[in-house]
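# Geometric and topological summary
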2 protein chains.
Amino acid sequence: MATLGDICVSAAVNLLSAIAFLLAFAILRLQPINDRVYFPKWYLKGIRGSPTSSRTAVGKFVNLDYSSYLRFLNWMPAALHMPEPELIDHAGLDSAVYIRIYLLGLKIFAPVAVLAFGALVPVNWTGRRLNASKSKELTFSNIDKLSISNVPDGSKRFWVHIGMSYLFSFWTCFTLYREYKIIAAMRLRFLASERRRPDQFTVLVRNVPPDPDESVSEHIEHFFCVNHPDHYLMHQVVYNANKLAAIVAKKRAMINWHIYYENKYERNPSQRPVTRTGMLGIFGKKVDAINHYTSLIDNLSKQEEEERQKVRNDPDAIVPAAFVSFKTRWGAAVCAQTQQTSNPTIWLTEWAPEPRDVYWDNLAIPYLDLNLRKLLMTVAMFFLTFFFMIPIALVQSLANIESIKHVFPFLASLVEKPSVKNFIQGFLPGLTLKIFLIFLPKILMTMSKIEGFTSLSGLDRRSASKYYLFILVNVFLGSVVTGTAFQQLEQLIDQPSTEFTKTVGSTIPMKATFFITYVMIDGWAGIAAEVLRLTPLIMFHLKNTFLVKTELDRQAAMDPGCLDFSISEPRIQLYFMLGHVYAPVTPLLLPFIVVFFAFSYLVFRHQIINVYNQHYESGATFWPDVHRRVLTGLIISQILLMGLLSTRGTNKITLVLIGQPILTFWFYRYCKGRFESAFIKFPLEEAMVKDTLERAVEPTLNLRIYLQDAYVHPVFKRCELEKPMAVDDEEENPLIQTTRASRLSSMPESDNEA
Amino acid sequence: MATLGDICVSAAVNLLSAIAFLLAFAILRLQPINDRVYFPKWYLKGIRGSPTSSRTAVGKFVNLDYSSYLRFLNWMPAALHMPEPELIDHAGLDSAVYIRIYLLGLKIFAPVAVLAFGALVPVNWTGRRLNASKSKELTFSNIDKLSISNVPDGSKRFWVHIGMSYLFSFWTCFTLYREYKIIAAMRLRFLASERRRPDQFTVLVRNVPPDPDESVSEHIEHFFCVNHPDHYLMHQVVYNANKLAAIVAKKRAMINWHIYYENKYERNPSQRPVTRTGMLGIFGKKVDAINHYTSLIDNLSKQEEEERQKVRNDPDAIVPAAFVSFKTRWGAAVCAQTQQTSNPTIWLTEWAPEPRDVYWDNLAIPYLDLNLRKLLMTVAMFFLTFFFMIPIALVQSLANIESIKHVFPFLASLVEKPSVKNFIQGFLPGLTLKIFLIFLPKILMTMSKIEGFTSLSGLDRRSASKYYLFILVNVFLGSVVTGTAFQQLEQLIDQPSTEFTKTVGSTIPMKATFFITYVMIDGWAGIAAEVLRLTPLIMFHLKNTFLVKTELDRQAAMDPGCLDFSISEPRIQLYFMLGHVYAPVTPLLLPFIVVFFAFSYLVFRHQIINVYNQHYESGATFWPDVHRRVLTGLIISQILLMGLLSTRGTNKITLVLIGQPILTFWFYRYCKGRFESAFIKFPLEEAMVKDTLERAVEPTLNLRIYLQDAYVHPVFKRCELEKPMAVDDEEENPLIQTTRASRLSSMPESDNEA
């Protein structure tokens, strides 16, 4: 068991590495050559141009303004500087609400930490159980003297812990309630203040039943003309355009090559550039590059046109789903919320996702299929969570020294060396697991896609749920109880249900030091690494040096990344749960959690302002999930506390704690009823207000033209750049000039040099 | 353990008593004097008049037509004679669907019984485990040789049971699916074929927010005019008229007395009737009865008028809820299914229940209150289910000989007699429990009322859920596992979760004889008692002799009763569960269950045709509950079978059974998605069809007049008799003349003699 000293050393090491990351970041971000890595958001907004224009040759790459180095930490106050409404305008509501999760953590755990140190630490410290038993048992560290372990069995002091647990739960619920209320209001204000958007008028209709006499399009038209006569405006059928999308993507790559060679030829007109026809332009016959790509592009254009005609004319290419638009927001709100026919498995209507947010592949799944897919994925998720170690153990058993010698005989002598052998034997199994864990979010996302969600935001939310379950079982419980998840499951079944909570509960105080270290490595140093963006930094410079041929390529090489809700949110939830579990048990963990939340808040606020570019805007529809998972963690912590206390000779008073999970669950139900619909439904009153306002302001608006191309599959859009509609809207209205924005945009813009 | 012989004796006794009940019924129902007891439905329909007119003095009371006695069992084929569509027309969809629950039982268990006898009984019989162990263990009856107990531990024969279990589950699900489909179609057809009804156009709006400047009524008008401008027609506020209702009820009683004395005076004009002013007209000053009641009525009329004015004019008497009516069914369907404002706890809209079905007291409960009430009632239900024995034991300890002697000293000598003492000591505790069980449905109903449901049908459904839980825990599990529910709960918590199912599972085969006896007593004899209607028969004759003064009184004395869904449906569910639990274990139970379902179907079909008068028509909204509970029973039976088999040395093959509950649960989810909305929502397509049809047929319809008084609190209605609107509608359209109806209505009608 680690002593207080060990923890201090670990804290120092992690603090130092975090500070090293931060210093590296502070210096690297000032170099103009890294500008596109650390400020991509502003490039995408069009406010910041290439910084390489008006400098000297060296100034293009290195910042020679020494005074700026003196203010190297001023990104921190700057990150906090932008007020929230401006932040929402700048980065979208999703991002602004996402960083409020960290704020929520601060709001919950800062007062809890103060209270716990004020009330529980003295009570634990003066418990003296460990002092008394020192002679006959193992030695205990000072950390344990601060924890509940130091209170003698059956002591009256446990009443303090019980009272504090109630207080913490109450405070958490109170904070969650206030936060839910604020975010629901933010969402409604956001929706209300939004300019006209296609999804406000549009409903996604799925499972259109086949009709022997009419095409899908006619059938939809007739159905809605009959059943929504006063409100139906138009509809947009969905084409199955996967093949076409592949051709278009290939053509785009060819066009880039073509531009590259033309540029090359322009700069050096004496020599026409040549390429080879084989793989990657390395093998094969030498040909004139410009002519070669011109003919290739012509060829692909023909193919594309054929495929386009085929898709447009083939009735089988139309999937039984459509985006139906209405004359008013009111009409769309009504259609989205009502049932159309007596058979609830056909003519399913729901709010259309934002055009950017549509996941086109899943629009055509029949109802029974959806159900079967859900069943299969639930079973698969169960096996993945509890039995994922089996295939990994299998791979680990294959990837050993013997198999390496078998497959790569020339390495035989090398791997026979004892030092190399030991390294491989110690390293390979861990690597296999690590690779699996890296691919896990992708696996979960694939499973969510199979389940048939129709929007990217829905997919993200679903994957986050899955990942949370995985982390809960395999990281949290897996760290507390030794053994695989499957062994835990066996225990849970074979033991009395109370026994399991007792086992887990009594192990918890012992694992405090482990989790403190975890928080420092994964939380502190991990977040500092996030702000440094090491991978995108390296990737950008690699691409910029070897691959960038055109300005378009540089645009593509700039990888702003985005907040990956499906991965990062479940990880935050782990910290919430740790905080709740340890608050009444080992209060010493709380300061580490509080630092994590504060630091993360700072870093991610900086990132969403300067870096990330979200792919879609869902208007914070993920908040009910966050709320639910925080409460799930809270309830688990309450049950574990009961398990812990009941092993400490306080069976009777443990009964007092039974009310906690019940009340918390009730609170969850209450909040669900009170707020959740704000994230799912669009109230008619709001719709009516916006409609009325719009009629008054723009009586001559032709909505049909506005909506015409909104929900066309990306490959059918005119503009090759696939600029999302919503961004178009945003650009009409110039961003409010913030101090930062005006400072940055004062740099001269020039995008046209390669 | 009972032998086959014991069961035969018990079966004979119960069969004989059932036959005795049936014979009594067959004779009693032919007596004209009992006509109002056995055919009240036809009186209420107005098709059958008092049968006492055209006969001789004796013929008024006794049926002298001997030939009719020869056909004394012909009510059975007659009950089956009426085709289903006519039955729906005659008794309503609720009743017609209710008896289909029995039919469902037949459909499930008749083939299962055949299969079980064909496949399982031979396998069990030739198992010979009990023969082998006869020498050293207890003797076993022949019943056990037919059950799974006769199969040796770890035998391969258990595969047959597993296969059969899957087959039974599949068959049950298939039948349930088909039935759900049929009933959803019946409901939709019923709703589609219905004539115009006020609830089709009306939405119940609750939690109208207070407005400082407007009255509730104005606020509602403005809100709906703004948000449903094209569809809003009118609204009807809800008055808090509890006090007024009490005055009206009192006045009605006085009017009856007045009529009674006037009739008396008319028949005997020589003497003005007198009464006493004191209690029940027995004590106090003698006064002239007619004048006395006239003045009383005048007095009450004044009070009533005052209260009526007060309610009408006092703004505080208006509760923040209203029935809002729309111009079209489409408009109402839209409003009922959508969210009105961004705050989902105000302006709550839902389909208005049928006017008869409204539970007026619960219309004004705020959102937070509703949540708190639900929480409290859930906790209360938990304690009621698991700890109900505690207060009963308390009462039992109080209600003993000593306390009787203490409270009634004059009985002291009597209760001291040994025979009386023994009787009381043996009888009182049982009586206390019995009284509790009689009052239990009332307690559950009160709990449901506290939860705040706004319709009688909702209250019934909710109470049924509670009662089912109680029966499941205290009757089923309580019979299988000895000990109180609380002790079971303790076991469940303290043992591994698998241990509990093992305990229960392994006890099940031993309890087969108990449940066979239970089915015969509660099922066979109980149902036969139901058709005899002994209590209403006695009550009617008592009232008729001593209390009936006017024709109105006789109408009131005639108690048709109704199908009490909240009590009888959970009891049927017990039979479903017994069937499922014993089908793979002791197939011998199945024939008893099949007979129960067949006999009940016959009896209840007769009852709904001739006797019961439902208070409301919900259009079979209870079916999803029935479906869910049958599946709950099925899943419980599947888990118990796993528990049973795992105690029989077949741990490995028991794993094969895990798929069953998962698949069944998935089936439940699938059906829920597929059919449930047909019972909750009103699809727009159907609404539009009916609207269009109506506009074409009756273009001049003034809906405002039609709806004017539909949702007025009963006390404000003009007609004193409180005839429900829907019945008015029915009477415009004469009932299709069935053979029974025409035969009955051929009796001359004369309602006017007292």
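Because the structure is a prediction, the values reported are computed rather than measured. (Residues numbered from 1 in each chain as written. Chains lettered and ligands numbered in written order. Predicted model: local features only at pLDDT ≥ 70, side-chain atom pairs only at ≥ 80, totals over all residues. Heavy atoms only, no water.)

The next point concerns the interface of chain A and chain B. Facing 46 residues of chain A, the contacting portion of chain B comprises 46 residues. At the boundary of chain A with chain B, total buried surface from both sides reaches about 3900 Å², with 61% on carbon and sulfur atoms. Counting the surface chain A buries against chain B, the share from its top three residues, A:Gln339, A:Ser342 and A:Trp666, is 15%. Here chain A is connected to chain B by zero salt bridges. The tally of links between chain A and chain B comes to 22 residue pairs in polar contact (both at pLDDT 80 or more). Of all the elements, helix H30 (residues 659-675) of chain A adds the most residues to the side of chain A that touches chain B, at seven residues. (Contact = heavy atoms within 4.5 Å. Buried area = accessible area lost by both parts, 1.4 Å probe. Salt bridge = Lys/Arg side-chain N within 4 Å of Asp/Glu carboxyl O. Polar contact = N/O pair within 3.5 Å; in protein donor to acceptor, adjacent residues only side chain to side chain. Helix = DSSP H or I, 4+ residues; strand = E, 2+ residues; numbered from the N terminus.)

The next subject is the sheet that holds strand E2 (residues 232-239) of chain A. Where strands meet in a sheet, backbone hydrogen bonds hold them as pairs that are either parallel or antiparallel. Residue and element names in this part refer to chain A. If you trace the four strands from one edge of the open sheet to the other, you get E2-E5-E1-E6, paired in antiparallel fashion. Single-partner strands in this sheet number two, and they are E2 and strand E6 (348-351). The mean angle between the axes of side-by-side strands here comes to 30 degrees, regardless of whether they run parallel or antiparallel. Strand direction decides the pairing type here: strand E1 (residues 202-206) and E6, joined by four bridges, are antiparallel. By the bridge assignment for E6, Val-203 is matched with Trp-351. In the packing of helix H14 (residues 329-337) onto the sheet, the strands contacted are E1, strand E5 (318-326) and E6, and the crossing angle to E6 comes to about 130 degrees. (Pairing = 2+ DSSP bridges. Axes fitted to C-alpha atoms, helices over the stretch in contact; angles between N-to-C directions.)

Okay, the relation of the copies chain A and chain B next. With an RMSD of 0.2 Å, chain A superimposes on chain B once it is rotated by 180 degrees and translated 0.1 Å along the axis. The two molecules are tied by a two-fold rotation axis, judged by turn and shift. Take the interface residues of chain A: 100% of them recur as interface residues in chain B, which is what a same-surface contact looks like. (Least-squares fit on C-alpha atoms with pLDDT ≥ 70 in both.)

Residue and element names in this part refer to chain B. Helix H29 (residues 623-646) packs onto helix H10 (residues 158-193) with a crossing angle of 175 degrees between their chain directions and a minimal axis gap of 11 Å. As judged from the angle between their axes, H10 and H29 are roughly antiparallel. For the pair H10 and H29, the contacting residues are Phe-158, Ile-162, Ser-165, Ser-169, Thr-172, Cys-173, Leu-176, Glu-179, Tyr-180 and Ile-183 in the first and Trp-623, Pro-624, His-627, Val-630, Leu-631, Leu-634, Gln-638, Leu-641 and Leu-645 in the second. (Parallel < 35°, antiparallel > 145°, perpendicular 65-115°, else oblique.)

Turning to helix H32 (residues 684-697) of chain B, a few remarks are in order. With 14 residues, H32(B) should cover 20 Å at 1.5 Å per step; its first-to-last C-alpha distance of 20 Å lies within 8% of that length. Each element contacted by the buried residues of H32(B) is listed here: helix H11 (216-227) of chain A together with H10, helix H11 (198-201) and helix H15 (329-337) of chain B. (Expected span 1.5 Å × (residues − 1).)

What follows is about the nonpolar core. Ranked by internal contacts, the top residues of the largest apolar core, which has 278 residues, are A:Phe476, A:Trp623, B:Phe476 and B:Trp623. Looking at which element gives the most residues to this core, the answer is helix H7 (residues 93-125) of chain B, with 17 residues. The contact partners of A:Phe476, leaving out residues within four places of it in the chain, are A:Ile471, A:Phe515, A:Leu574, A:Met577, A:Leu578, A:Val581 and A:Leu640. (Core = buried A, V, L, I, M, F, W, Y, C linked by side-chain atoms within 4.5 Å. Buried < 20%, exposed > 50% of the residue type's maximum accessible area, 1.4 Å probe, protein only.)

Let us now look at the pattern of salt bridges. In total, this model carries 30 salt bridges over all chains according to the counting rule given. Between B:Arg100 and B:Glu179 there is a salt bridge, with its nearest N and O atoms 2.7 Å apart. Within this pair, whereas B:Arg100 is found in helix H7, its partner B:Glu179 is found in helix H10, the two being separated by 79 residues in sequence. The two residues B:Arg100 and B:Glu179 agree in class, both being buried. Because the salt bridges share partners, they merge into one network encompassing A:Glu84, A:Arg100, A:Lys107 and A:Glu179.

With that settled, consider the environment of A:Gln708. All names here are of chain A. Mapped onto the elements of the fold, Gln-708 is located in the loop between helix H32 (703-707) and helix H33 (725-732). Taking the relative accessible area as the measure of exposure, Gln-708 reaches 44% and is therefore partly exposed. Taking the C-alpha atoms as reference points, Gln-708 and Pro-273, 435 residues apart in sequence, are found 43 Å from one another. Leave out the neighbours within four places in its chain, and Gln-708 touches Met-234 and Gln-236.

The next thing to look at is the sheet that holds strand E6 (residues 348-351) of chain B. Residue and element names in this part refer to chain B. Strand order across the open sheet formed by four strands is E2-E5-E1-E6, with antiparallel pairing between neighbours. Looking at the sheet topology across the chains shown, the edges are occupied by strand E2 (232-239) and E6. Strand-to-strand, the axes of this sheet are offset by a mean angle of 30 degrees, without reference to chain direction. Across the sheet, H15 touches strand E1 (202-206), strand E5 (318-326) and E6, and the angle it forms with E6 is around 130 degrees.

Now for the state of the cysteines. Taken as a whole, this structure holds zero disulfides over all chains when the rule is applied. A:Cys173 supplies the cysteine sulfur nearest to A:Cys671, a cysteine that is in no disulfide, at a spacing of 7.6 Å. (Disulfide = S-S within 2.5 Å.)

This paragraph deals with the confidence of the model for chain A. Residue and element names in this part refer to chain A. On average, residues of chain A carry a pLDDT of 79, and 83% of them reach 70 or more. Overall, residues 135-139 carries pLDDT values under 50, and its contacts beyond four positions in sequence, including any with other chains, amount to zero contacts. For the stretch residues 719-754, pLDDT sits under 50, and the model shows 52 contacts to residues farther than four places along the chain or on other chains. Interface confidence for the predicted complex, expressed as ipTM, amounts to 0.76; the pTM equals 0.80. (pLDDT = per-residue confidence, 0-100.)

All names here are of chain A. Here the phi dihedral of Trp-347 falls at roughly 50 degrees; this positive angle occurs in a residue that is not glycine. On the secondary structure map, Trp-347 appears in the loop between H14 and E6. If you check the backbone angles, Ala-620 has positive phi at about 60 degrees while not being a glycine. With respect to the secondary-structure elements, Ala-620 resides in the loop between helix H27 (589-610) and helix H28 (623-646). Taking the relative accessible area as the measure of exposure, Ala-620 reaches 0% and is therefore buried.

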